[in-house]
Amino acid sequence: MRVQALHKSFGKVRAVDDVSFDVRRGEFLTLLGPSGCGKSTTLRLIAGLERPDEGEIEVDGRLVTSPRRGVFVPPEKRGMGMVFQSYAVWPHMTVFENVAFPLRVRRKPQSEVTSRVRNILEIIGLAGLADRPAPDLSGGQQQRVALGRALVSDPTLLLLDEPFSNLDARLREGMRVEMGELQRRLGLTTIFVTHDQTEAMMLSDRIFVMNGGRVEQAGTPREVYEHPASRFVMDFLGRINYLRAHVARLTNGRPGVRLADGAEVALVVPDGVAEGSAVTLAFRSADVELSMSVDGTGWAGVVQTVAYMGGREEYVLKMAGSDEIKAERATENLTLGTPVRVSVPPHKIRVWAD
Ligand code: ATP
């Protein structure tokens, strides 16, 4: 599956702006980004629910979209299965008939319909509910029916657009795990759209982080999390702290930065950023180390808020300058007003030139 230089505008909005990628067979690829970044439009272009202004889409070596060459294969002829946020099950049909629907449209013989649908119901864990009217199902079960309907025609590509977002938190967690197992077991080539970074991290072989209609970074979950290519990507993938600083030669003669309150941090500064330049240090809350020994090394701060999150606590620390830092710890119970020392391993700090 290949997407080449896709462009799609709605009026003045560039919803998809020069997006290209390959999806490998059996791969789980996620388009991740905030609302409006163009991920759903990209998926709809692949499905054939929208026509691009420019670009090409190829599935298994077959060109399905190319305005330049006058090619546009309609959605039902693309051999793709789709699941959307809204379950879109037919309320007047049973579970069996809902799943059978795509085969009925293709006028498949009854014997084939029966065996295929039974097989799919087994796979999605609804074998016992074949005759149940669809409205009598729970949200999770309805979403499974939608998945079954997407799988029944043996799609070459499975397209998922925020399929779990209507489910409550516990169900969502369970469905994610199931989806991951199913995808691997069936070797389904999948493109998944979500704004939820945890979901993306859990399920994906590769994540494409989108921003303003473009792919800002592509990589494995570990690559995009640990080596974010931009401030936007870093921000989107975790709770981030920002501290203002200036590039400086430190008291010990080494290169580094100086914070607003005079604290020094030995750091590798990006090439071409001169001494005296303003920079922003960015680091994740999870990488903040706290010590309660007031004389220790690190930056001085005071615990300003505490939120117990079940098994872990989140703090906001007021620093000696005007900055605040978010931090988290597994169990330590730091009370309001506790003076602490804050440090972050230098390799966990990114320096962005202002
Ligand atoms: P969301 O998760 O909110 O759907 P998204 O990242 O999937 O966001 P898209 O739905 O692809 O984003 O939308 C990208 C941009 O294109 C947005 O600015 C959106 O308002 C616009 N857009 C999408 N579809 C249409 C349409 N049919 N008509 C006009 N503008 C549209």
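Note that the structure is predicted; figures quoted are calculated from it, not measured.

Caption draft 1: Summary view of the packing of helix H4 (residues 139–151) against helix H5 (residues 169–186). Running from N to C, H4 and H5 cross one another at 20°; their axes reach a closest spacing of 11 Å. Classified by the angle their axes make, H4 and H5 are roughly parallel. As for the relative orientation of H4 and H5, their crossing is right-handed in sense. Across the interface between the two elements, Gly140, Gln143, Arg144, Leu147 and Leu151 from H4 touch Leu171, Met175, Glu178, Met179, Leu182 and Leu186 from H5. By residue class, the composition of the contact of H4 with H5 is 7 nonpolar, 2 polar and 2 charged.

Caption draft 2: Representation of the sheet that holds strand S16 (residues 289–291) in the model. Spatially, 5 strands are ordered S16-S20-S17-S18-S19 in an open sheet, and the strand pairing comes out antiparallel. Since the sheet does not close on itself, it has two edges, and those belong to S16 and strand S19 (324–329), each with one partner. Neighbouring strand axes in the sheet, compared pairwise and without regard to direction, differ in orientation by 45° on average. As judged from the 4 bridges shared by strand S17 (residues 299–308) and strand S20 (residues 339–343), these two strands associate in the antiparallel manner. Paired with Trp299 across the strands is Val342, a residue of S20.

Caption draft 3: Local environment of the pattern of salt bridges. Scanning all chains against the criterion turns up 21 salt bridges. Here Asp17 and Arg14 are joined by a salt bridge, their closest N and O atoms 3.6 Å apart. The residue Asp323 makes a salt bridge to Arg244 at a minimum N-O spacing of 2.9 Å. With Asp323 in the loop between strand S18 (313–319) and S19 and Arg244 in strand S12 (residues 240–249), this residue pair connects regions lying 79 residues apart in the sequence. A cluster of three or more residues bridged by salt bridges with shared partners is formed by Arg239, Arg312, Glu314 and Glu328.

Rules used throughout
The numbers attached to residues start from 1 for each chain and follow its sequence in the written order. In view of the model being predicted, local features appear only for residues whose pLDDT reaches at least 70, and side-chain atom pairs are presented and counted only at 80 or more, with totals across whole chains, interfaces and linings using the full set of residues. Calculation of side-chain values draws on the structure's entire complement of heavy atoms; hydrogens and water are dropped beforehand. All axes are obtained by fitting lines to C-alpha atoms, using only the stretch in contact for helices, and the reported angles, taken between N-to-C directions, cover 0 to 180 degrees. Secondary structure is summarised from DSSP: a helix means a run of H or I of at least four residues, a strand means a run of E of at least two, and numbering begins at the N terminus for each. Oblique is the label for every angle not falling under 35 degrees (roughly parallel), over 145 degrees (roughly antiparallel), or within 65 to 115 degrees (roughly perpendicular). For any helix crossing, the convention is left-handed if the near helix is rotated counterclockwise from the far helix by under a right angle, and right-handed if that rotation is clockwise. Residue contacts are defined here by distance: any two heavy atoms, one from each residue, within 4.5 Å place the two residues in contact. Classification used: nonpolar for Ala, Val, Leu, Ile, Met, Phe, Trp, Tyr, Cys and Pro, charged for Asp, Glu, Lys and Arg, polar for all others including Gly. For two strands to pair, DSSP has to find at least two bridges joining them. Note on definitions: salt bridges are taken to be side-chain nitrogens of Lys or Arg within 4 Å of carboxyl oxygens of Asp or Glu.

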